[in-house]
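One letter stands for each residue in the lines below.
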Amino acid sequence: MEYEFLSAESVADYIRSKPELSSRVNADRITSVQEVGDGNLNLVFIVADNLGSSVVLKQALPYVRLVGPDWPMTPFRAQKEAEALRIHGSFNQSLVPEVFLYDSDRFVIGMENLSNYRVWRGAMIEGLRHECVASQMGEYVGELAFGTSVLGMDAEKQKRLMADSINPELCKITEDLVFTEPHNDIGRNSVLKENEKDAQEHANDVDMIRAMGEAKWKFMTSAEALIHGDLHTGSVMVAANNGIEGPSVSKAFDSEFAFYGPVGFDLGALWANYTLNAARSVALGNDDYADWALSLINETWVGFEKTIRSRYDNRLDKRVWREGMLEDRLSQWKLDAWLFSAAKMSRRIVGLAKVADVEQLEPSIRIGAARGTLNLARTLVARMSDTTSIESYMAIAHETLHRYKTV
Ligand code: SR1
Ligand code: MG
């Protein structure tokens, strides 16, 4: 597919040609253009003028940036992202960036520049505590779980939206990288030599494979809501309201993996990424921070549950969806989040697209963080049948990560 890529040199002309952008940034007075795309897929520019206005331009490349042109990828993912941001924003604009423009010829999204925000993963790696963000992300998942499911959206409208939101290419990335390849290496997996045995045991664990089969099935068949689809801590921007720490604000971004999928997948992604930070923190001996990171699991769940409970009175069909249904859904979503989190943490250890939390550790201590995380994923799966309380999850994570600490 042929289309022109943006460059630092061409963005001014691009903005000039789009009234939705030129009304926000003065293309004749641009003072800085930064390419900040540190994700795996896209080009991202922050463009600012000398009057203090700025905008973000995000362009989908026709391939996976992490790998290069050898891995082609549909640029129509930009359309999925723009639509998901708009729909999610309609429930609570404070939790996602505002979209100003979607350019279907060049697959560009023009959106709000979150200039005083930063990526949560980086902030957590630095040991900063952005309070309330985990709860806000639970609230975000709760809003989309209610608002885009048949609980909150007219059933006919919801079916049309579901059809429009089909996102097969991006879903395939997840199906392969998250559920399949950790147990079936096609040459994209890698670990430290000292972790090869751990990765092998993880890959060969028949109970884990069975659970991942179930998780993959759920991911591919359970079209509950228009989920974010890749809600790790690198997909969350955070800003402290007062000073460096204390109550913060946050926004979920990078929604190109959005599709009608299981609500528990987004929750599980958050839980897994809190846990990956805890693995890092344990390895570094930052035990207090590790405990704080694990406490976010509960905070996200509470934010989610509170939102769903508060919306449930407004459900569109009360004939058979009564109070019991709410309790059943919450139990199932918790179980799903538990299962998906195991998949989401182990893929970041053995598969393609690892996370800085663990990867940036010195090898001598990374061994323990990787081993602990893989064993934790397997233990969580093994324990699912006897407990799914969040307290148990956090206790299992605490105990397992400390047990495998090296040095
Ligand atoms: C090829 S894309 C690799 C990963 O980056 C994204 O953030 C998703 O997690 C995907 O699996
Ligand atoms: Mg991303």
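Structure first, text after, so check above.
A brief structural summary. (Residues numbered from 1 in each chain as written. Chains lettered and ligands numbered in written order. Predicted model: local features only at pLDDT ≥ 70, side-chain atom pairs only at ≥ 80, totals over all residues. Heavy atoms only, no water.)

Let's shift gears to the pairing of strand β3 (residues 54-60). Along β3, six of the seven residues are buried, which leaves the element largely enclosed by surrounding structure. Where strand β2 (residues 42-49) meets β3, seven bridges bridge the pair, whose relative direction is antiparallel. Looking at β3, one finds that A48 is bridged to S54. Hairpin geometry of β2 and β3 is characterised by an intervening segment of four residues between the two adjacent antiparallel strands and by a positive phi of about 90° at G52. One ladder, built from four bridges, connects β3 with strand β7 (residues 108-111); its direction is antiparallel. (Buried < 20%, exposed > 50% of the residue type's maximum accessible area, 1.4 Å probe, protein only. Helix = DSSP H or I, 4+ residues; strand = E, 2+ residues; numbered from the N terminus. Pairing = 2+ DSSP bridges.)

Moving on, we come to the site of ligand 1. Neighbouring residues of ligand 1: N40, V64, W71, I173, L177, D230, H232, F257, R347, R348 and A353. In this structure, an oxygen atom belonging to ligand 1 sits 2.7 Å away from a side-chain N or O atom of R347. R348 is positioned with one of its side-chain polar atoms (N or O) 2.9 Å from an oxygen atom of ligand 1. The set of elements that each furnish at least two residues to the shell around ligand 1 consists of α7 (168-180) and α12 (323-350). Of the residues in the shell around ligand 1, the class split is six nonpolar, two polar and three charged. (Near = heavy atom within 4 Å. Polar contact = N/O pair within 3.5 Å; in protein donor to acceptor, adjacent residues only side chain to side chain. Nonpolar A, V, L, I, M, F, W, Y, C, P; charged D, E, K, R; others polar.)

Strand order in the open sheet made by the five strands is β1-β2-β3-β7-β6, with antiparallel pairing throughout. Single-partner strands in this sheet number two, and they are β1 (30-35) and β6 (99-103). Between one strand axis and the next, the sheet turns through 15° on average, direction left out of account. Together, β2, β3, β6 and β7 form the strand contacts of helix α3 (residues 77-91), whose direction differs from that of β6 by roughly 155°. (Axes fitted to C-alpha atoms, helices over the stretch in contact; angles between N-to-C directions. Contact = heavy atoms within 4.5 Å.)

As a further point, take the pattern of salt bridges. When their charged atoms lie close together, side chains carrying opposite charge are able to pair. One pass over the structure, following the stated rule, counts 28 salt bridges. In this structure, E201 engages K197 in a salt bridge whose closest nitrogen and oxygen atoms are separated by 3.1 Å. With E201 and K197 both in helix α8 (residues 196-204) and four residues apart, this pair spans about one turn of that helix. Note that E399 is salt-bridged to R403, the shortest N-O span being 3.0 Å. Linking E399 with R403, this pair stays in helix α15 (residues 390-403), spanning four residues, or about one helical turn. Classification of E399 by relative accessible area gives partly exposed; the value is 41%. Among the residues examined, R403 registers a relative accessible area of 47% and is labelled partly exposed. Residues joined by salt bridges that share partners form a network here, namely K197, E201, D205 and R378. (Salt bridge = Lys/Arg side-chain N within 4 Å of Asp/Glu carboxyl O.)

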